[in-house]
Amino acid sequence: MIEDVMQIDMDTNVEVEISEDEIAVMQARRERARANLRREENPRVHALLKNLVEVERIRPCQAIYLGCGEGESALYLAKNGFEVVGVDSSADAIRVAKKNYLNNLNYVQADVTTLNNPLQRLRAGIRGNFGFVLDWNLLEHISQQHIAQYFDTVTKLTEKGGHYLTAFTDNRKNYDAIILEKPLRSKNAIPQKDELPRQDYAGVVKAMSTNFDIIDEGEISALDIRQRGCWILARKK
């Protein structure tokens, strides 16, 4: 039974009730959209990432994808000349990702929020720094309790002058009720009581400002829901 939930209307900033039927319709639309996307080449590789690669704003280099899931974007990067490491805390996701083998593509199971520790990186087989660090929708899962560890990880993984691209939903309301379909995969990402694991733009900018310069940013639309997201491309100082 899906309970009615409250959601913020992004145009009026007023809470509105989302009924069980409306949530079911949203979920059905998401599944239909995903079914259509699966029929396309590289279906879950976002157009923004493709554009950044194709116009060579991000050029082939050593790259690491944090929260790589089943590896579609990691595979895309590898096919375009990057040496790629995909990281995810889900053993199931990594098992699926490894079915697409390339010499320049490797996957490891690890909790991103622990990789600020050199010993944990060594145990995961992650060595050196990376010219490109990608996070597509992982950041919004990280709890406030562990956000400092997350950005410490990103900082330590990114080489000087390297790029960091993140995309996340810029709203902290009702994430579990509307979007999440499975429990959070990382034990360090599980929110505290009454805390939703969402990030806001200002907080992200503040957290990265010490070690990164923002060189581009923009908005992206979430799939089939009344939410707004944003992306940030930054360069390590």
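Just so it is clear, the model here is predicted, and its values are computed rather than measured.

Trainee: Sorry if this is basic, but what is going on with the overall build of the protein chain here?
Mentor: If you tally the helices and strands in the protein chain, you get eight helices and nine strands. A buried classification covers 46% of the 237 residues belonging to the protein chain. Long-range contacts, defined as pairs at least 24 residues apart, comprise 66% of the intrachain contacts of the protein chain with a sequence gap of at least 6.

Trainee: Just checking my understanding: could you explain the environment of isoleucine 142 for this structure?
Mentor: Mapped onto the secondary structure, isoleucine 142 falls in the loop between strand E6 (130-136) and helix H6 (147-157). It is 8.0 Å that separates the C-alpha atoms of isoleucine 142 and glutamine 199, two residues lying 57 residues apart in sequence.

Trainee: Before we go on, may I ask you to explain the packing of helix H2 (residues 47-54) against helix H3 (residues 72-79) in this structure?
Mentor: For any two helices packed against each other, the geometry comes down to the angle between their axes and how far apart the axes lie. In the contact formed by H2 and H3, the axes pass within 11 Å of each other and the chain directions differ by 15 degrees. Regarding the angle of H2 to H3, the classification is roughly parallel. Regarding H2 and H3, the two cross each other, and that crossing is right-handed. Of H3, the residues touching H2 (which contributes Leu49, Lys50, Val53 and Glu54) are Ser73, Tyr76 and Leu77.

Trainee: What am I meant to see in the pattern of salt bridges here?
Mentor: A side chain with one charge can pair with a side chain of the opposite charge if their charged atoms come near. Within this structure, the stated rule accounts for four salt bridges. For aspartate 92, the salt bridge goes to arginine 95, with nearest N and O atoms at 2.2 Å. Of this pair, aspartate 92 and arginine 95 both sit in helix H4 (residues 91-97), three residues apart, roughly one helical turn. Its relative accessible area of 49% is what places aspartate 92 among the partly exposed residues. Two residues, aspartate 152 and lysine 156, come together in a salt bridge whose shortest N-O distance is 3.2 Å. In this pair, aspartate 152 and lysine 156 both sit in helix H6, four residues apart, roughly one turn of the helix. Overall, aspartate 152 belongs to the partly exposed group, its relative accessible area being 27%. Residue class for lysine 156 comes out partly exposed when judged on its relative accessible area of 35%.

Trainee: Sorry if this is basic, but what is going on with the environment of glycine 67 here?
Mentor: Looking at where glycine 67 falls in the secondary structure, it is placed in the loop between strand E3 (62-66) and H3. As a C-alpha pair, glycine 67 and valine 112 span 45 residues in sequence and 7.7 Å in three-dimensional space. The contact partners of glycine 67, leaving out residues within four places of it in the chain, are Val87, Asp88, Val112 and Leu138.

Trainee: Help me understand the pairing of strand E5 (residues 105-109), please; the structure alone is not making it clear to me.
Mentor: Along any regular strand, the residues point their side chains to alternate faces of the sheet. When strand E4 (residues 83-88) meets E5, the two strands line up parallel, connected through five bridges. Looking across to E5, one finds that valine 84 is bridged to leucine 105. Handedness of the crossover is the feature at issue here: the chain leaves E4, passes through H4, returns alongside E5, and the resulting connection is right-handed.

Trainee: Teacher, can you tell me more about the pairing of E6 here?
Mentor: Of all seven residues that make up E6, seven are buried, and the element is covered over most of its length. With six bridges joining them, E6 and strand E7 (residues 158-169) adopt parallel strand pairing. Along E7, the bridge assignment pairs leucine 134 with leucine 165. After leaving E6, the chain enters H6 and then returns to the sheet as E7, a path that is right-handed.

Trainee: Just checking my understanding: could you explain the packing of aromatic side chains for this structure?
Mentor: The description of two aromatic rings rests on the distance between their centres and on the angle between their planes. Summed over the entire model, instances satisfying the criterion amount to four aromatic pairs. Between phenylalanine 82 and phenylalanine 132, the aromatic rings sit 6.2 Å apart at their centres with planes inclined by 50 degrees, giving tilted as the arrangement. Highlighted residues: phenylalanine 82 in the loop between H3 and E4 and phenylalanine 132 in strand E6, separated in sequence by 50 residues. Taking the relative accessible area as the measure of exposure, phenylalanine 132 reaches 0% and is therefore buried. Following the ring pairs from residue to residue traces out a cluster consisting of Tyr150, Phe151, Tyr164 and Phe212.

Trainee: How do you make sense of the confidence of the model for the protein chain when you look at a structure like this?
Mentor: If pLDDT is low for a region, its predicted coordinates should not be looked at in detail. Confidence along the protein chain averages 78 in pLDDT terms, with 68% of residues attaining 70 or more. At the level of individual helices and strands, the protein chain shows its lowest average pLDDT in helix H7 (residues 175-178), which scores 41, and its highest in E3, which scores 98. Here residues 36-43 scores under 50 on pLDDT; set against residues more than four positions off or in separate chains, the count is five contacts.

Cut-offs applied
- Residues numbered from 1 in each chain as written.
- Predicted model: local features only at pLDDT ≥ 70, side-chain atom pairs only at ≥ 80, totals over all residues.
- Heavy atoms only, no water.
- Helix = DSSP H or I, 4+ residues; strand = E, 2+ residues; numbered from the N terminus.
- Buried < 20%, exposed > 50% of the residue type's maximum accessible area, 1.4 Å probe, protein only.
- Contact = heavy atoms within 4.5 Å.
- Axes fitted to C-alpha atoms, helices over the stretch in contact; angles between N-to-C directions.
- Parallel < 35°, antiparallel > 145°, perpendicular 65-115°, else oblique.
- Left-handed = near helix turned anticlockwise from the far one by under 90°.
- Salt bridge = Lys/Arg side-chain N within 4 Å of Asp/Glu carboxyl O.
- Pairing = 2+ DSSP bridges.
- Right-handed = clockwise from strand over helix to strand, strands pointing away.
- Phe/Tyr/Trp six-rings, centres within 6.5 Å; stacked < 30°, edge-to-face > 60°.
- pLDDT = per-residue confidence, 0-100.

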